[in-house]
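Chain and residue survey
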Amino acid sequence: MNNHQGISWLNDTQAILKFIHKLIHELPELKDRLMDLNEGDLLFSQGDPLEHMYLILEGNITLTRTQPDESEVKLITLGPGSFAGLIAFTTGEPTLTSG
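The present account deals with the structure reproduced in this document. (Residues numbered from 1 in each chain as written. Predicted model: local features only at pLDDT ≥ 70, side-chain atom pairs only at ≥ 80, totals over all residues. Heavy atoms only, no water.)

Brief notes about the overall build of the protein
Each helix and strand counted, the protein has three helices and four strands in total. Overall, the protein shows an N-to-C arrangement of helices and strands of α-α-β-β-β-β-α. The C-alpha radius of gyration computed for the protein amounts to 16 Å, which surpasses the reference 13 Å derived for 99 residues by more than 25%, pointing to a less compact arrangement than a globule. Projected onto its principal axes, the C-alpha coordinates of the protein cover approximately 55 × 35 × 25 Å. (Helix = DSSP H or I, 4+ residues; strand = E, 2+ residues; numbered from the N terminus. Rg over C-alpha atoms; globule rule 2.2 N^0.38 Å.)

Some remarks on helix α1 (residues 13-26)
Over its 14 residues, α1 extends 20 Å from the first C-alpha to the last, a length consistent with the 20 Å expected when each residue adds 1.5 Å. Those residues of α1 not exposed but buried are Leu17, Ile20 and Ile24. End-on view of α1: buried residues confined to an arc of 60°, all on one side of the axis. Along α1, the residues that are exposed and aim more than 90 degrees away from the buried face are Lys18, Lys22 and His25. On its buried side, α1 packs onto α2 (28-31) and β1 (54-55). (Expected span 1.5 Å × (residues − 1). Buried < 20%, exposed > 50% of the residue type's maximum accessible area, 1.4 Å probe, protein only. Arc of directions from axis to C-beta. Contact = heavy atoms within 4.5 Å.)

Points about the pairing of strand β3 (residues 72-78)
Where strand β2 (residues 61-66) lies against β3, six bridges are found, and the strand directions are antiparallel. The residue bridging Thr62 from the neighbouring strand is Thr77, located in β3. Between β2 and β3, which pair antiparallel one after the other, the connecting turn spans five residues, and Glu70 there sits at a positive phi close to 75°. (Pairing = 2+ DSSP bridges.)

Regarding a nonpolar patch on the surface
Where nonpolar side chains cluster on the molecular surface, the patch consists of Met53, Phe83, Leu86, Ile87 and Phe89 and spans about 460 Å² of accessible area. Classification of Phe89 by relative accessible area gives partly exposed; the value is 35%. (Patch = residues over 30% accessible without salt bridge, like charges linked within 9 Å, V, L, I, M, F, W, Y side chains within 5 Å. Areas by Shrake-Rupley, 256 points an atom, 1.4 Å probe, with all protein chains shown as cover. Salt bridge = Lys/Arg side-chain N within 4 Å of Asp/Glu carboxyl O.)

Looking at the packing of aromatic side chains
This structure, assessed with the given rule, holds one aromatic pair. With a centroid separation of 6.1 Å and an interplanar angle of 20°, the aromatic rings of Phe44 and Tyr54 are classed as stacked. Residue Phe44 is located in the loop between α2 and β1, and its partner Tyr54 is located in strand β1; the two are separated by 10 residues in the primary sequence. What makes Tyr54 buried here is its relative accessible area of 17%. (Phe/Tyr/Trp six-rings, centres within 6.5 Å; stacked < 30°, edge-to-face > 60°.)

Observations concerning the layout of surface pockets
Here the largest pocket defines a volume of roughly 1,300 Å³. If you go around the largest pocket, you meet 35 residues; those closest to its centre are Met35, Tyr54, Leu55, Ile56 and Leu57. Of all the elements in the fold, those that place two or more residues in the lining of the largest pocket are α1, α2, β1, β2 and β3. The element that contributes the greatest number of residues to the lining of the largest pocket is α1, accounting for five residues. The residue inventory of the lining of the largest pocket, partitioned by class, reads 16 nonpolar, 11 polar and eight charged. By volume, the second largest pocket amounts to about 230 Å³. Among the secondary structure elements, those contributing two or more residues to the lining of the second largest pocket are β4 (83-84) and α3 (86-91). Top element by residues in the lining of the second largest pocket is α3. It accounts for four residues. Each residue belonging to the lining of the second largest pocket can be placed in one class, and the counts come to nine nonpolar, four polar and one charged. (1 Å grid on protein atoms, 1.4 Å probe; cavity = no way out; pocket = protein on both sides within 12 Å on 5 of 7 lines; lining within 4 Å. Points joined across faces, edges and corners; volume = space filled by probe spheres on them. Nonpolar A, V, L, I, M, F, W, Y, C, P; charged D, E, K, R; others polar.)

On their own, these measurements won't tell you what the molecule is for.
Written out as structure tokens, the structure is:
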């Protein structure tokens, strides 16, 4: 057996999302933590301290940054399997983006 076969599923985003969806449906405490957002809704704003990071299960979130001249720059669009707010959550520093 190849040593990498046992963990190869960790590189399969679709398999991980399928597993997470299964857990959510089986564990009510996880289902209660889901958030449904509409286009234009914000999870967090630039400068906010974050007490959570967010796993995107469906759809996309675009992270933006407001420049000193008040213009908004689109940095990246994250899709299913991506985490939003990870850096601010792990460092304890205010988030540098809105999303």
